[in-house]
Amino acid sequence: LFAAAVLGFAACSQTASIKGVIADAPESEVVVKLLNVNQYQVVDTLKTDAAGQFSCKVDVAEGQPEFVYLFHKDTKVASLLLEAGDKVKVQADTLGNFNVEGSVESEKLAQVEKKHAAAYDRLAALAEQLSAADSKKAADLQAEMGREYVNYYRECVSYIVSNSSSMTVIPVLYQNFGPELPVFGQGTDALHFKNAADSLEMIYPESKYVKALRKEADTRFSYLEVAA
(Lines give C-alpha, C1' and ligand atoms only; values in the text may rest on other atoms or scores of the structure.)
Protein backbone atom coordinates (compact mmCIF):
# COMPACT_ATOMS: atom_id res chain seq x y z
CA LEU A 1 0.00 0.00 0.00
CA PHE A 2 2.84 2.38 0.84
CA ALA A 3 4.56 1.63 -2.47
CA ALA A 4 1.31 2.24 -4.33
CA ALA A 5 0.86 5.57 -2.53
CA VAL A 6 4.38 6.65 -3.45
CA LEU A 7 3.83 5.72 -7.09
CA GLY A 8 0.52 7.55 -7.08
CA PHE A 9 2.15 10.68 -5.67
CA ALA A 10 4.92 10.50 -8.27
CA ALA A 11 2.35 10.22 -11.04
CA CYS A 12 0.43 13.23 -9.72
CA SER A 13 3.59 15.32 -9.54
CA GLN A 14 4.03 14.92 -13.29
CA THR A 15 0.95 17.04 -14.01
CA ALA A 16 -0.35 20.53 -13.36
CA SER A 17 -4.03 21.23 -12.84
CA ILE A 18 -5.99 24.19 -14.17
CA LYS A 19 -9.37 25.32 -12.94
CA GLY A 20 -10.95 28.41 -14.39
CA VAL A 21 -13.91 30.40 -15.53
CA ILE A 22 -14.37 32.46 -18.67
CA ALA A 23 -16.90 35.25 -18.31
CA ASP A 24 -19.65 35.33 -20.92
CA ALA A 25 -18.64 31.95 -22.34
CA PRO A 26 -21.11 29.34 -21.12
CA GLU A 27 -20.94 25.94 -22.80
CA SER A 28 -18.12 27.08 -25.07
CA GLU A 29 -14.96 25.37 -26.29
CA VAL A 30 -11.62 26.12 -24.68
CA VAL A 31 -8.55 24.88 -26.53
CA VAL A 32 -5.46 24.10 -24.46
CA LYS A 33 -2.23 24.61 -26.39
CA LEU A 34 1.35 23.83 -25.43
CA LEU A 35 4.20 25.91 -26.82
CA ASN A 36 6.44 23.39 -28.55
CA VAL A 37 9.50 25.70 -28.72
CA ASN A 38 8.27 27.91 -31.57
CA GLN A 39 4.79 26.66 -32.45
CA TYR A 40 1.57 25.80 -30.68
CA GLN A 41 0.54 22.18 -30.17
CA VAL A 42 -3.05 21.41 -29.21
CA VAL A 43 -3.12 19.11 -26.16
CA ASP A 44 -6.79 19.27 -25.18
CA THR A 45 -10.16 20.73 -26.10
CA LEU A 46 -12.54 21.43 -23.23
CA LYS A 47 -16.08 22.64 -22.87
CA THR A 48 -17.16 25.12 -20.23
CA ASP A 49 -20.28 24.48 -18.20
CA ALA A 50 -23.32 26.77 -17.95
CA ALA A 51 -21.35 29.11 -15.66
CA GLY A 52 -18.30 29.25 -17.95
CA GLN A 53 -16.23 26.99 -15.68
CA PHE A 54 -13.73 24.39 -16.84
CA SER A 55 -10.90 22.23 -15.51
CA CYS A 56 -8.10 20.10 -16.91
CA LYS A 57 -4.70 18.60 -16.23
CA VAL A 58 -1.57 19.06 -18.31
CA ASP A 59 1.44 16.76 -18.36
CA VAL A 60 4.49 18.56 -16.96
CA ALA A 61 7.71 16.67 -16.27
CA GLU A 62 9.59 17.47 -13.09
CA GLY A 63 12.15 20.21 -13.72
CA GLN A 64 10.72 21.02 -17.15
CA PRO A 65 8.12 23.82 -16.85
CA GLU A 66 5.75 24.22 -19.77
CA PHE A 67 4.31 27.30 -21.45
CA VAL A 68 0.58 26.60 -21.77
CA TYR A 69 -2.02 28.84 -23.44
CA LEU A 70 -5.81 28.78 -23.33
CA PHE A 71 -7.79 29.88 -26.38
CA HIS A 72 -11.46 30.72 -26.81
CA LYS A 73 -12.12 30.63 -30.54
CA ASP A 74 -9.19 32.59 -32.03
CA THR A 75 -8.50 34.67 -28.91
CA LYS A 76 -5.78 33.75 -26.43
CA VAL A 77 -7.53 34.15 -23.08
CA ALA A 78 -4.74 33.06 -20.70
CA SER A 79 -1.00 32.42 -20.67
CA LEU A 80 0.52 30.07 -18.11
CA LEU A 81 3.99 28.85 -17.15
CA LEU A 82 3.34 25.64 -15.26
CA GLU A 83 5.57 23.44 -13.13
CA ALA A 84 4.84 19.88 -12.05
CA GLY A 85 2.40 19.90 -9.17
CA ASP A 86 1.02 23.40 -9.82
CA LYS A 87 -2.66 23.95 -9.10
CA VAL A 88 -3.76 27.18 -10.75
CA LYS A 89 -6.99 29.10 -10.91
CA VAL A 90 -7.75 31.29 -13.90
CA GLN A 91 -10.35 34.02 -14.29
CA ALA A 92 -10.64 35.28 -17.85
CA ASP A 93 -12.96 36.90 -20.35
CA THR A 94 -13.37 36.41 -24.07
CA LEU A 95 -11.32 39.54 -24.85
CA GLY A 96 -8.07 38.17 -23.48
CA ASN A 97 -8.06 39.77 -20.05
CA PHE A 98 -7.21 37.32 -17.28
CA ASN A 99 -5.89 36.79 -13.75
CA VAL A 100 -4.12 33.70 -12.46
CA GLU A 101 -3.49 32.39 -8.95
CA GLY A 102 -1.45 29.47 -7.66
CA SER A 103 1.64 29.87 -9.84
CA VAL A 104 4.25 32.55 -9.25
CA GLU A 105 5.77 31.97 -12.69
CA SER A 106 2.38 32.30 -14.39
CA GLU A 107 1.74 35.54 -12.51
CA LYS A 108 5.11 36.86 -13.73
CA LEU A 109 4.31 35.81 -17.29
CA ALA A 110 1.00 37.65 -17.14
CA GLN A 111 2.74 40.85 -16.03
CA VAL A 112 5.38 40.48 -18.75
CA GLU A 113 2.68 40.19 -21.40
CA LYS A 114 0.69 43.13 -20.04
CA LYS A 115 3.72 45.43 -20.07
CA HIS A 116 4.57 44.42 -23.62
CA ALA A 117 0.97 44.97 -24.76
CA ALA A 118 0.95 48.43 -23.16
CA ALA A 119 4.22 49.41 -24.86
CA TYR A 120 2.95 48.03 -28.17
CA ASP A 121 -0.22 50.11 -27.88
CA ARG A 122 1.75 53.27 -27.10
CA LEU A 123 3.97 52.81 -30.16
CA ALA A 124 0.99 51.94 -32.36
CA ALA A 125 -0.79 55.14 -31.27
CA LEU A 126 2.29 57.22 -32.08
CA ALA A 127 2.65 55.49 -35.45
CA GLU A 128 -0.95 56.34 -36.28
CA GLN A 129 -0.34 60.00 -35.43
CA LEU A 130 2.83 59.93 -37.50
CA SER A 131 0.98 58.77 -40.60
CA ALA A 132 -1.09 61.98 -40.60
CA ALA A 133 1.53 64.44 -39.31
CA ASP A 134 3.30 67.24 -41.18
CA SER A 135 7.10 67.20 -41.44
CA LYS A 136 7.74 69.21 -38.25
CA LYS A 137 5.34 67.18 -36.14
CA ALA A 138 6.64 63.98 -37.71
CA ALA A 139 10.14 64.64 -36.41
CA ASP A 140 8.83 65.09 -32.88
CA LEU A 141 6.76 61.91 -33.10
CA GLN A 142 9.67 59.88 -34.44
CA ALA A 143 11.81 61.09 -31.54
CA GLU A 144 9.09 60.15 -29.08
CA MET A 145 8.77 56.71 -30.64
CA GLY A 146 12.51 56.26 -30.28
CA ARG A 147 12.34 57.17 -26.60
CA GLU A 148 9.46 54.75 -26.03
CA TYR A 149 11.40 51.95 -27.67
CA VAL A 150 14.61 52.64 -25.73
CA ASN A 151 12.78 52.94 -22.41
CA TYR A 152 11.00 49.65 -22.97
CA TYR A 153 14.24 47.95 -24.05
CA ARG A 154 15.90 49.11 -20.84
CA GLU A 155 12.97 47.81 -18.79
CA CYS A 156 13.34 44.43 -20.47
CA VAL A 157 17.08 44.31 -19.83
CA SER A 158 16.45 45.14 -16.18
CA TYR A 159 13.83 42.38 -16.01
CA ILE A 160 16.01 39.63 -17.45
CA VAL A 161 18.92 40.60 -15.18
CA SER A 162 16.69 40.68 -12.08
CA ASN A 163 14.87 37.44 -12.94
CA SER A 164 17.72 35.33 -14.26
CA SER A 165 16.33 32.17 -12.62
CA SER A 166 12.86 32.57 -14.13
CA MET A 167 11.91 31.08 -17.47
CA THR A 168 9.72 34.13 -18.07
CA VAL A 169 12.85 35.84 -19.40
CA ILE A 170 12.67 33.63 -22.50
CA PRO A 171 9.52 35.19 -24.01
CA VAL A 172 10.87 38.63 -23.07
CA LEU A 173 13.96 37.99 -25.18
CA TYR A 174 11.77 37.12 -28.18
CA GLN A 175 9.34 40.05 -27.93
CA ASN A 176 8.86 42.36 -30.89
CA PHE A 177 6.83 45.32 -32.12
CA GLY A 178 6.34 43.77 -35.54
CA PRO A 179 8.21 41.35 -37.82
CA GLU A 180 10.94 43.89 -38.54
CA LEU A 181 11.30 45.34 -35.05
CA PRO A 182 12.41 42.85 -32.39
CA VAL A 183 13.05 44.30 -28.95
CA PHE A 184 16.39 42.48 -28.80
CA GLY A 185 17.58 42.95 -32.36
CA GLN A 186 21.06 44.40 -31.86
CA GLY A 187 24.14 42.25 -32.42
CA THR A 188 25.35 42.85 -28.88
CA ASP A 189 22.07 41.46 -27.52
CA ALA A 190 23.72 38.07 -28.01
CA LEU A 191 25.18 38.69 -24.55
CA HIS A 192 21.70 38.81 -23.02
CA PHE A 193 20.75 35.54 -24.70
CA LYS A 194 23.97 33.89 -23.52
CA ASN A 195 23.65 35.10 -19.94
CA ALA A 196 20.03 33.94 -19.75
CA ALA A 197 20.93 30.53 -21.18
CA ASP A 198 23.85 30.16 -18.75
CA SER A 199 21.61 30.88 -15.75
CA LEU A 200 18.64 28.78 -16.81
CA GLU A 201 20.75 25.75 -17.82
CA MET A 202 21.87 25.43 -14.20
CA ILE A 203 18.25 25.12 -13.04
CA TYR A 204 16.44 23.53 -15.99
CA PRO A 205 19.10 21.58 -17.93
CA GLU A 206 16.53 19.30 -19.62
CA SER A 207 14.06 22.00 -20.67
CA LYS A 208 13.41 22.13 -24.40
CA TYR A 209 12.90 25.88 -24.12
CA VAL A 210 16.29 26.38 -22.49
CA LYS A 211 17.97 24.16 -25.07
CA ALA A 212 16.40 26.25 -27.85
CA LEU A 213 17.56 29.41 -26.09
CA ARG A 214 21.12 28.07 -25.96
CA LYS A 215 21.00 27.33 -29.68
CA GLU A 216 19.78 30.87 -30.39
CA ALA A 217 22.48 32.35 -28.13
CA ASP A 218 25.20 30.37 -29.90
CA THR A 219 23.90 31.45 -33.33
CA ARG A 220 23.81 35.09 -32.32
CA PHE A 221 27.31 34.89 -30.86
CA SER A 222 28.66 33.43 -34.09
CA TYR A 223 27.17 36.38 -36.01
CA LEU A 224 28.67 38.79 -33.46
CA GLU A 225 32.12 37.26 -33.83
CA VAL A 226 31.92 37.49 -37.65
CA ALA A 227 30.91 41.15 -37.44
CA ALA A 228 33.70 42.01 -34.99
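In this text, all values refer to a predicted model and were calculated from it rather than measured experimentally.

A. Structural context of the side chain of Glu66. Note on placement: Glu66 falls in strand S5 (residues 66-72). On the basis of relative accessibility, which here comes to 9%, the residue Glu66 falls in the buried class. In this structure the side chain of Glu66 is engaged in a polar contact, spanning 2.7 Å, whose partner is the side chain of Lys208. The contact partners of Glu66, leaving out residues within four places of it in the chain, are Leu34, Asp59, Val60, Leu80, Leu81, Leu82, Lys208 and Tyr209.

B. Expanded view of the layout of surface pockets. What the largest pocket holds in volume is close to 690 Å³. Leu35, Val37, Tyr69, Pro171 and Tyr174 are the residues nearest the centre of the largest pocket, which is lined by 22 residues in total. Elements with a minimum of two residues in the lining of the largest pocket: S5, helix H2 (104-131), helix H4 (169-173) and helix H6 (208-227). Grouping the amino acids of the lining of the largest pocket by side-chain chemistry returns 13 nonpolar, 5 polar and 4 charged. Approximately 200 Å³ is the volume attributed to the second largest pocket. Contributing to the lining of the second largest pocket are Lys76, Val77, Ala78, Ser79, Leu95, Gly96, Asn97, Phe98, Glu113, Lys114, His116 and Ala117. Every element with two or more residues in the lining of the second largest pocket is listed here: strand S6 (75-82) and H2.

Cut-offs used in this document
- Residues numbered from 1 in each chain as written.
- Predicted model: local features only at pLDDT ≥ 70, side-chain atom pairs only at ≥ 80, totals over all residues.
- Heavy atoms only, no water.
- Helix = DSSP H or I, 4+ residues; strand = E, 2+ residues; numbered from the N terminus.
- Buried < 20%, exposed > 50% of the residue type's maximum accessible area, 1.4 Å probe, protein only.
- Polar contact = N/O pair within 3.5 Å; in protein donor to acceptor, adjacent residues only side chain to side chain.
- Contact = heavy atoms within 4.5 Å.
- 1 Å grid on protein atoms, 1.4 Å probe; cavity = no way out; pocket = protein on both sides within 12 Å on 5 of 7 lines; lining within 4 Å.
- Points joined across faces, edges and corners; volume = space filled by probe spheres on them.
- Nonpolar A, V, L, I, M, F, W, Y, C, P; charged D, E, K, R; others polar.

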